[in-house]
Amino acid sequence: MEAKTAEFTSNVARAIADSQLQGTMTETGPRFIEKRAKARAGLPEFDALRDQARDIKDHVLAHLDLYLERYEAKVVESGGHVHWAETAEEARAAILGICRKLDAKLATKGKSMISEEIGLNQALEAAGVTPVETDLGEYLIQLRNEPPSHIIAPAVHLTRDQIEADFRKAHTHLDPNRDLTEIPTLVEEARTVLRQKYLDADVGITGANFLIAETGTSIIVTNEGNGDLTQTLPKAHIVIASIEKIVPTLEDATTILRVLARSATGQDFSNYTTFSTGPRRPEDPDGPGEYHVVILDNGRSNVLGTEFQDMLRCIRCGACLNHCPVYQAVGGHAYGWVYPGPIGSVVTPALIGIEKAKHLPNASTFCGRCEEVCPMRIPLPRLLRHWREKEFEKHLTPGAVRTGLGVWAYFAKRPKLYQFGTRVAARLLSVMSGKKGRLASLPLAQGWTRYRDMPAPQGKTFQAMWKERRHG
Amino acid sequence: MDNARSRIFARIRSSADKGDETARVAAVEARLQHPQRNLVPERGQGDEAHRIEVFVRMMEAVGGTVEILRDLNDVPASVATYLRNTNRPAMIRRGRDEYLANLPWHRAQTLTVKEGRAEDADTASLTHAFAGVAETGTVVQLSGVDNPTTLNFMPEAHIVLLEAKDITASYEEVWTRLRDIYGPGQMPRTVNMISGPSRTGDIEQTIVRPAHGPKDMHVIIVRRP
Ligand code: SF4
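All residue numbers refer to position in the chain's written sequence, counted from 1. Chains carry letters and ligands carry numbers; both start at the beginning, A for chains and 1 for ligands, and go up in the order they are written. Predicted model: local features are reported for residues with pLDDT of at least 70 only, side-chain atom pairs are reported and counted for 80 or more only, and whole-chain, interface and lining totals are derived from all residues. Side-chain measures here rest on the full set of heavy atoms in the structure, leaving out hydrogens and waters.

(A) Summary view of the pattern of salt bridges. A pairing counts as a salt bridge when a side-chain nitrogen of Lys or Arg comes within 4 Å of a carboxyl oxygen of Asp or Glu. On inspection of all chains with the given rule, the structure shows 51 salt bridges over all chains. Between Glu-119 of chain B and Arg-93 of chain B there is a salt bridge; the shortest N-O distance is 3.6 Å. Taken together, the residues Glu-119 of chain B in the loop between strand 3 (112-115) and strand 4 (124-128) and Arg-93 of chain B in strand 2 (residues 91-94) connect sequence positions 26 residues apart. Residue class for Arg-93 of chain B comes out buried when judged on its relative accessible area of 6%. In this structure, Glu-115 of chain B engages Arg-94 of chain B in a salt bridge whose closest nitrogen and oxygen atoms are separated by 3.3 Å. In this pair, Glu-115 of chain B sits in strand 3 while Arg-94 of chain B sits in strand 2, placing the two residues 21 residues apart along the sequence. Residue exposure (1.4 Å probe, protein chains only): buried if accessible area is under 20% of the type maximum, exposed if over 50%, otherwise partly exposed. In this structure Glu-115 of chain B comes out as partly exposed when scored by relative accessible area, which is 44%. With a relative accessible area of 8%, Arg-94 of chain B lands in the buried category. Taken together, the shared-partner salt bridges connect Asp-65 and Glu-69 of chain A together with Arg-13, Glu-21 and Arg-24 of chain B into one network. Only runs of H or I of at least four residues qualify as helices and only runs of E of at least two qualify as strands under DSSP, and these elements are numbered from the N terminus.

Okay, here's the thing in structure tokens:
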């Protein structure tokens, strides 16, 4: 996907002015927070499991070459194929090669952030293979030709009215006078349209939440069952995953699964957790005839052994987005590339270069909520700070911002974005209080002093405070 | 691609100091040869009655329904009743599983029982679970001729037969059982862990059932006296 990270400031301005987006974010943001809190409270061992999950991934990263070798050997032993891709281009080429060999015309797709990262859909289309996203959220944004705005809820920015309009435009074979006002009717329509696609597809492409070295197994996790229909019905199942998805054993995968769904959607366990090993067996009445795994590096191996290594523990649960006041204020698209939110601001510079993504590490209030909720205990604020240091070394940042307060300094310098500051402050309060909109209308200064140990006279505006600090 | 492989591995190997190579290899071998359990939550742990109780509570919490029978021979009639109560045609599709095949189907005479993988027109399926996990109300299905994977996903109603003795406290016990049967490091093509009927929250975070999979999931637990 083409990076629009350089336009971060104008993206933010647009997001703040978008009242529809603001409405949706206010509505949905707090729900994620409440659900996770409830799931966490329901499992006394939750935090201890997070420690273990972190340790498992650290162990893997220290032995990644060995585990990848074992994983590869097990996939081959079970009749599957492994394709290595250093770059997005190589990954696309590998997938197109498989499609060509099978003379594929239609590819159904389960949800995969890696697919977004490598811009797979455009490549498939250009090669004459029609990609159809089957995760409802992904399908909705595919109809609009938009990137996802959230790692696990790609269409979180859309309202049902927008979706109704898109369905009327796309599903022209259906009665134009049908009633689509209710959400279940919309879901039902998508179910019917996509069911036929599963049956017609030549290949099914999914991501993988984990790859298990012990058994050569890939795991997908869904609630809809779309990934399973995608990978079971066509001639071939193609898995696209990045090198750091490896875990040693079934037990290790299990431990991390226990924290994944709880952190992501607040469920104890997702509805469908599927372990796939190789192609269908001789006696199997169903399942794909071929099983391919494309393993992508795309810059990740460069991160190993650096101060940024911890980012490779990420399991893409989205909790850091849900608890981030900046993300909640601007939504996912403003970040300009595939991965939004705190983890996006850390990963994007590593994958596309800090020069192109230099604004992102500033998109933080350093409130620390992301690290607090991260199931893999990734020190996101520290990693953001590292990027800002890098940026500083490279003199990519205008002087005044260097010494400043991250996003506050950054946007205080841009009076047009003052709105952004107030919006972030309001979201910060609501994220912290965990109650929907309760504190959303408090003046900014009050929010600032409440959570920053900073003496500021009541009632002063943020801009006034900022001026004082700069000169004082 | 092979070049890509060697370059990726070279970069991984050159990344920082990884310590003594023999020790690294030994650590990986040990972990893979002797998989260890990590922390296992207490929630599901307990005697059979407790495991059933937790399983039922968790399954119902995610929108599944559960029925407990004392006699395996009552299953056909119970399936027929369930289909009638949910206004579905008196038809089910099942795999070749002997346990299912040997049920006294003649006791549910109006019921049509088809064998094989699911077809798009099928409205209900019956599968035999390899295990149930109390912790999260999860059933574990193994692919193969006995219980084809499509039966778990295509029909609108998925009925699962689960023996009370197969309800474990946690996922970990399922892995141990699988290794005993398939051998270390071996897996069936697909292991499906299923917790409730298909759902989506993708439109305005509103939970809707079903999304693409079954609308209803009904678990029949057979608990012999
Ligand atoms: S950084 Fe942590 S919280 Fe954010 S998506 Fe990754 S695992 Fe989840």
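(B) Molecular detail of the interface of chain A and chain B. With 102 residues of chain A at the contact, the number on the chain B side is 77 residues. Carbon and sulfur atoms supply 54% of the area that chain A and chain B bury against each other, a total of about 7,900 Å² over both sides. Our count for the chain A to chain B interface comes out at 16 salt bridges. Nitrogen and oxygen atoms within 3.5 Å of one another constitute a polar contact, given that in protein one can donate a hydrogen and the other can accept it, and given that sequence-neighbouring residues count only through two side-chain atoms. Across the chain A-chain B interface, the total number found is 53 residue pairs in polar contact (both at pLDDT 80 or more). Note on residue categories: nonpolar means Ala, Val, Leu, Ile, Met, Phe, Trp, Tyr, Cys or Pro, charged means Asp, Glu, Lys or Arg, and polar means any other residue, Gly included. A breakdown of the residues in the side of chain A that touches chain B according to their chemical character gives 43 nonpolar, 30 polar and 29 charged. Note: two strands are recorded as paired if DSSP finds a minimum of 2 bridges between them. Inspection of the sheet shows strand 9 (residues 272-276) of chain A paired to strand 9 (residues 190-194) of chain B by five bridges, in the antiparallel sense. For Ser-276 of chain A, the partnering residue across the bridge sits in strand 9 of chain B and is Thr-190 of chain B. By definition, residues are in contact when any of their heavy atoms lie within 4.5 Å. Note on definitions: buried area is the accessible-area loss of two parts on being combined, 1.4 Å probe, summed for both.

(C) A look at the confidence of the model for chain A. Confidence along chain A averages 87 in pLDDT terms, with 85% of residues attaining 70 or more. pLDDT expresses how confident the predictor is about each individual residue, on a scale running from 0 to 100. Here residues 435-466 of chain A scores under 50 on pLDDT; set against residues more than four positions off or in separate chains, the count is 48 contacts.

(D) The packing of aromatic side chains, seen in detail. Each aromatic pair joins two rings of Phe, Tyr and Trp (for Trp, the six-membered one) with centres within 6.5 Å, and gets the label stacked for planes under 30 degrees apart, edge-to-face for over 60, and tilted for any other angle. Following the criterion strictly, the structure yields nine aromatic pairs over all chains and no others. Measuring from ring centre to ring centre gives 4.7 Å for Phe-269 of chain A and Tyr-171 of chain B, while their planes differ by 20°; the resulting arrangement is stacked. Of the two residues, Phe-269 of chain A sits in the loop between helix 12 (250-264) and strand 9 while Tyr-171 of chain B sits in helix 6 (residues 171-182), which places them in two different chains. According to the relative accessible area criterion, Phe-269 of chain A is buried, its value standing at 4%. For the pair Trp-337 of chain A and Tyr-339 of chain A, a centre-to-centre distance of 5.8 Å together with 70° between the ring planes defines the contact as edge-to-face. A residue is classified by how much of its surface remains accessible, and Trp-337 of chain A, at 5% relative accessible area, is buried.

(E) Structural context of the site of the ligand. Near the ligand, the surroundings consist of 13 residues, among which Cys-314, Cys-317, Gly-318, Cys-320 and Cys-374 of chain A are the closest. Taking a 2 Å distance to the grid points as the criterion, the majority of the atoms of the ligand fall inside the second largest cavity. Proximity criterion: a residue is near a molecule or strand once any of its heavy atoms comes within 4 Å of it. In this analysis a 1.4 Å probe is tested at points of a 1 Å grid over the protein atoms alone, and where it fits but cannot get out there is a cavity; an open set with protein on both sides within 12 Å along at least five of seven lines is a pocket; lining residues have an atom within 4 Å of a point. Here the criterion for a molecule occupying a pocket or cavity is that more than half of its atoms lie within 2 Å of the pocket grid points.

(F) Examining the confidence of the model for chain B more closely. The predicted model of chain B has a mean per-residue pLDDT of 96, with 98% of residues at 70 or higher. For this predicted complex, the interface confidence comes out at an ipTM of 0.98, alongside a pTM of 0.92.

(G) Seen up close, the nonpolar core. Take the buried residues of types Ala, Val, Leu, Ile, Met, Phe, Trp, Tyr and Cys, join any two whose side-chain atoms come within 4.5 Å, and each joined set is a nonpolar core. With 134 residues, the main nonpolar core has Ile-95, Phe-275 and Val-330 of chain A as its most contacted residues. Where a domain begins and ends is set by an automatic assignment or by a domain database. Two domains share this core, each providing at least three of its residues, namely domain 1 (1-40 + 306-397) and domain 2 (43-298) of chain A. In terms of nonpolar packing, the next biggest core, distinct from the first, is built from 46 residues, Ile-141, Ile-183 and Val-193 of chain A together with Met-59 of chain B among them.

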